[in-house]
Amino acid sequence: MTEKNNKAVYAESIEELKKRALDGDSEAQYEIGIRYYHGKSVKCDPKLSFLWIKTAAIGGNVDAQNSLSVMYKKGDACKPDISKAFKWAKRAAKNRHPEAQFNLSIAFKKGQGCKPHLKRSFRWLKRAAHQNETAAQYNLAFAYLDGEGCNPDEEKAYSWMKTSADNGRSDAQYNLAIMLGEGIGCEPDYEKSFIYAKKAVKQSNNPDGYYLLGLLYHSGAGCKKSLDKAQKYFKKATNAGVEKAYQFLNHPSFERIFRGTKCKNLKSAFDDLQALIQEIMDSCRYCNYVDGPIYHFTRWPAINSILPKESNGSETNIIRLYHEDYMNDPNEGKSLLDTFRRSTISTHQKPYELLRDVYDDDINIERELSKHDATYMASFTMSSDRLDLWRAYGADGDGYSLRVNIKSDENFAWSLINSASGKDERTYSLYKVQYSEKAKKKAVKKIAIALNKLRRHIPTDNEELKRECHIAIYYMLNEVMYLYKDEQYSSENEVRLFTRKELHEAQLDESDIGKLFTTTGPILFTGPDSEIVIGPKVKDKRAVELSLKKRLLENGHHHTKVRHSEIDYR
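Residues numbered from 1 in each chain as written. Predicted model: local features only at pLDDT ≥ 70, side-chain atom pairs only at ≥ 80, totals over all residues. Heavy atoms only, no water.

Q: Please give an account of the overall build of the protein that cites residues and values.
A: Of regular secondary structure, the protein possesses 25 helices and 10 strands. Counting over 570 residues, the protein shows a buried share of 51%. Pairs at least 24 residues apart make up 68% of the contacts formed inside the protein by residues separated by at least 6 positions. Accessible surface, the protein as shown: approximately 27700 Å² in total, 48% of it carbon and sulfur. (Helix = DSSP H or I, 4+ residues; strand = E, 2+ residues; numbered from the N terminus. Buried < 20%, exposed > 50% of the residue type's maximum accessible area, 1.4 Å probe, protein only. Contact = heavy atoms within 4.5 Å. Areas by Shrake-Rupley, 256 points an atom, 1.4 Å probe, with all protein chains shown as cover.)

Printed below as a string of C-alpha cells:
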C-alpha cells in the first residue's frame, strides 16, 4: 500500500474496515490483519491477525502474500511451515513484490522449502535489486563477487555495492569502503574509502566501520594519520564485539602510563613496540587464498554439539577457543622466550634486563592478567589425514577432522570483505606457527631493539608506573610468544586463531570442572568443498557416516561431504 492509501485506511474505524473486508476487499482484509498484529485500535490478537492476512493473501493482496510467507517461515502466530513459506513467497514474487523476490532468492540459495538452486536464486535476487530492494542489491554484489549463480564480475559487484550504499545501507557502505581500499571492481581510492567508512559509522554505528576507521587513521590512508583517533575507533569496535580490533587496542595500563604530557618519549617507544608486534604478526599471517585449506581435529561429543540430531534454529557450526592455560604442551609460549635467553645480541643494548623483569621477577603478572584478561586459542593444521595428527589431536584415531573454510585477513591494513547477510562469514586473524630457530632469532633481534628503547624511558624511581609498563609489555608480547614453537613440532604445520577475552565474557564448557572458552561465528560446513573425515579407529564407520550425512541435512549443510580416513591404523 502506498503512503496515501495508508493514511486513508488509518482514518477508517475497524467496523468500516470489516464491512469492506467482508465484501471481499483484500486491502481492507490485510489492514485488519496488520491492526490485530500490532494492536492498532483493536486488542492485539496474533491468531486473528494471521487469519485476516491469510484471507487477504488468498484474495490476491501481494503485501499479504509476502507477510504470510514471513509468518510461516518464522512460525509467527502459526506453526512453522517452510514449504508454505516458500509457496507464498513465490506467489508474491511473481506479483513483483521486491521483498518477496529477495526472500525467494534466499530460499533457493539455502534450499528452504525447495531444492538449492543458485541460478534461480540469482535471477530472483537480480529482479529484487532492480526494484530498489537494498538488501537484494547488497547480496547481488556478493553474488557477482563470489560467482554464485552467475559468472564472477568484480565491476558489477562494485556497481551494486555502491547502489546499495548510496541507498543508505550501512553494511554496504562499509563493504564499499573495503572495495575502494582494495581496488575491487574499481581503482583504489583511499579518500573515498574513508568517506564511506565514516558514512557507515554515522548511519548505524557499524562496528566493522569503527574497525576500518581505526585502520585508516592508524595507517593514514585517505586521511591524516592519528594514532589517538585510531585508538578511539579500535576501542569502539572492540566494545561492539569486533574481536580482531583488540590486537590494536592499547592495554588499559596505557591510559594510566600516558596521563599528562611528560611521557612523550615513553609513549613513542610503546608505539614503536606495538608497530613491531603488528609487523611480526603480519609476517606469520595465514591466508586461505595462498596457504590452502586448514583442518580442525575433534571428538564425537563436539560433533554431537556442532551437528545436533535436529536443528534448533540456532547456529551451532562454530569452533571453541579455549583459555591459554589449557594448552597441551606445558612449555607452550616459551620457545621464543628461550631464544631470548640464548641470544648473543650485544649486551650494551641490555634489553634482556627489562624482559627478565617482565617474565621472571614479575611472574605474578601472568597470574594477575590471566584471571581477568586472557588469550583464547583454537588450533588447526594444514593436513587432514595424517597418522601423527590423528594420534596427537584426533583422539588417537577415534576422532574427526573438519575442513574449515574460514575467511582470513590478509594483513592488518585491510580486511577481506564480509559476506552476504544471513550468512556469517566474518574474517578472522589466523597465524602460522613458526618453528625454525632462524625465524625466532630474527624476531628476537627486532624485539630486543624496541625493548632497549623502552628500557631507557621507563622510570626507575616510580615503582607503580614501572609495574604498569611491565604489565603493558607482557600484554603486547603475549600472543607473539604463542606464534613460536620448538622445531620438534614442525611437522604439525599448525595455524592458530587468537582472541582476547575478559573473564566475564567467557563461557564454561560441559566438563565437570567447567573449562573457560569462547566461540567463533558459524564457520564450519560452509562452501562446496567442506568435508568431515572420519578417523581410522572410529567404530561402526558406516553407521557414523549415515548419521553425519543426516545431521548435515537436518542442519542445512547440503554441500558438506563425508569421507573415511585413508590411514591404515592398527
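Here the narrative resumes.
Q: I'd love a proper account of the packing of aromatic side chains, names of residues and values included.
A: For the coordinates displayed, the defined rule picks out 13 aromatic pairs. Ring centres 5.4 Å apart and planes at 85 degrees place the aromatic pair Phe194 and Tyr217 in the edge-to-face group. You can see Phe194 sitting in helix α12 (residues 190-204) and its partner Tyr217 sitting in helix α13 (residues 207-219), a full 23 residues away along the chain. Of the two residues, Phe194 and Tyr217, neither departs from the other in class, the shared state being buried. With a centroid separation of 6.2 Å and an interplanar angle of 50 degrees, the aromatic rings of Tyr211 and Phe234 are classed as tilted. Separated by 23 residues along the polypeptide, Tyr211 in helix α13 and Phe234 in helix α14 (residues 227-239) bring together distant segments of the chain. The residues Tyr211 and Phe234 share a single accessibility class, namely buried. Ring-pair connections join several aromatic residues into one group, and the members of that group are Phe194, Tyr210, Tyr217 and Tyr233. Geometry around Trp124 places Arg127 over its ring, the cationic atom sitting 4.3 Å from the centre. The ring centre of Tyr326 lies 5.3 Å from the NZ or CZ of Lys515, which sits over that ring. (Phe/Tyr/Trp six-rings, centres within 6.5 Å; stacked < 30°, edge-to-face > 60°. Lys NZ or Arg CZ within 6 Å of the ring centre and 35° of its normal.)

Q: How would you sum up the layout of surface pockets? Please name residues and give values.
A: Put simply, the second largest pocket is a space of about 1300 Å³. Taken together, 37 residues form the lining of the second largest pocket, with His296, Phe297, Thr298, Arg320 and Tyr322 sitting closest to its centre. Among the secondary structure elements, those contributing two or more residues to the lining of the second largest pocket are β1 (294-298), α18 (300-306), β2 (320-323), β3 (373-381), α22 (387-393), β6 (494-502) and β8 (516-519). Top contributing element to the lining of the second largest pocket by residue count: β3, with five residues. Partitioned by chemical class, the residues of the lining of the second largest pocket number 17 nonpolar, nine polar and 11 charged. (1 Å grid on protein atoms, 1.4 Å probe; cavity = no way out; pocket = protein on both sides within 12 Å on 5 of 7 lines; lining within 4 Å. Points joined across faces, edges and corners; volume = space filled by probe spheres on them. Nonpolar A, V, L, I, M, F, W, Y, C, P; charged D, E, K, R; others polar.)

Q: Lay out empty space enclosed by the protein in plain terms, naming residues and giving numbers.
A: One pass over the full model with this rule turns up three cavities of 30 Å³ or more. Lining the largest cavity are 13 residues, and of these Gln247, Ile277, Tyr475, Met476 and Glu479 lie nearest its centre. Listing elements by their share of the lining of the largest cavity, those giving two or more residues are α16 (264-283) and α24 (463-481). Each residue belonging to the lining of the largest cavity can be placed in one class, and the counts come to eight nonpolar, three polar and two charged.

Q: Help me get a handle on the pairing of β1, residues and values and all.
A: For β1, the buried fraction is high: five of the five residues fall into the buried class. Every second residue of β1 is oriented toward a common face, with Ile294, His296 and Thr298 on one face and Tyr295 and Phe297 on the other, all of them buried. Taken together, the five bridges between β1 and strand β4 (residues 400-404) define a ladder with antiparallel strand orientation. Among the inter-strand pairings, Thr298 is bridged to a residue of β4, identified as Tyr400. (Pairing = 2+ DSSP bridges.)

Q: Break down the pattern of salt bridges for me, citing the residues and quoting the values.
A: Per the counting criterion, the structure on display carries 24 salt bridges. Where Asp171 meets Arg169, a salt bridge forms, and the shortest distance between an N and an O atom there is 2.7 Å. Judged by its relative accessible area of 19%, Arg169 is buried. The partner of Asp388 in a salt bridge is Arg386, with the nearest N and O atoms 2.8 Å apart. When its relative accessible area of 23% is taken as the criterion, Arg386 is described as partly exposed. Among the charged side chains, a network of salt bridges with common partners joins Lys485, Glu492, Glu494 and Arg496. (Salt bridge = Lys/Arg side-chain N within 4 Å of Asp/Glu carboxyl O.)

Q: Describe the nonpolar core, with residues and values.
A: Counting residues in hydrophobic clusters, the biggest one holds 51 residues, and the most contacted among them are Met161, Tyr211, Leu212, Leu216 and Phe234. Listed by contribution, the elements that provide at least two residues to this core are α7 (98-110), α8 (118-130), α9 (134-146), α10 (154-166), α11 (170-182), α12, α13 and α14. Counting residues per element, this core draws most heavily on α9, which supplies eight residues. Beyond its immediate sequence surroundings of up to four residues, Met161 is in contact with Tyr138, Ala141, Phe142, Ala172, Asn175, Leu176 and Met179. (Core = buried A, V, L, I, M, F, W, Y, C linked by side-chain atoms within 4.5 Å.)

Q: Residue-level account of the environment of Gly168, with values.
A: Structurally, Gly168 is set in the loop between α10 and α11. Sequence spacing of Gly168 and Ala200 is 32 residues, and the spatial spacing of their C-alpha atoms is 8.6 Å. Setting aside anything within four residues of it in sequence, one finds Gly168 in contact with Gln173 and Gln203.

Q: Can you break down the pairing of strand β10 (residues 561-564) residue by residue, with the values?
A: As paired strands, strand β9 (residues 531-534) and β10 are joined by four bridges and run parallel to one another. In the sheet register, Ile532 faces β10, and the bridge partner there is Val562. Note on the crossover from β9 through helix α25 (residues 541-554) to β10: the handedness is right-handed. (Right-handed = clockwise from strand over helix to strand, strands pointing away.)

Q: Break down the side chain of Lys440 for me, citing the residues and quoting the values.
A: The topology assignment puts Lys440 in helix α23 (residues 437-457). A distance of 2.9 Å separates a polar atom in the side chain of Lys440 from a polar atom in the side chain of Ser335. Looking at Lys440, its side chain comes within polar contact range of the main-chain oxygen of Lys485, at 3.3 Å. Those residues within four positions of Lys440 in sequence are excluded, and the remaining contacts are Ser335, Leu336, Thr339, Tyr435, Tyr484, Lys485, Asp486 and Glu487. (Polar contact = N/O pair within 3.5 Å; in protein donor to acceptor, adjacent residues only side chain to side chain.)

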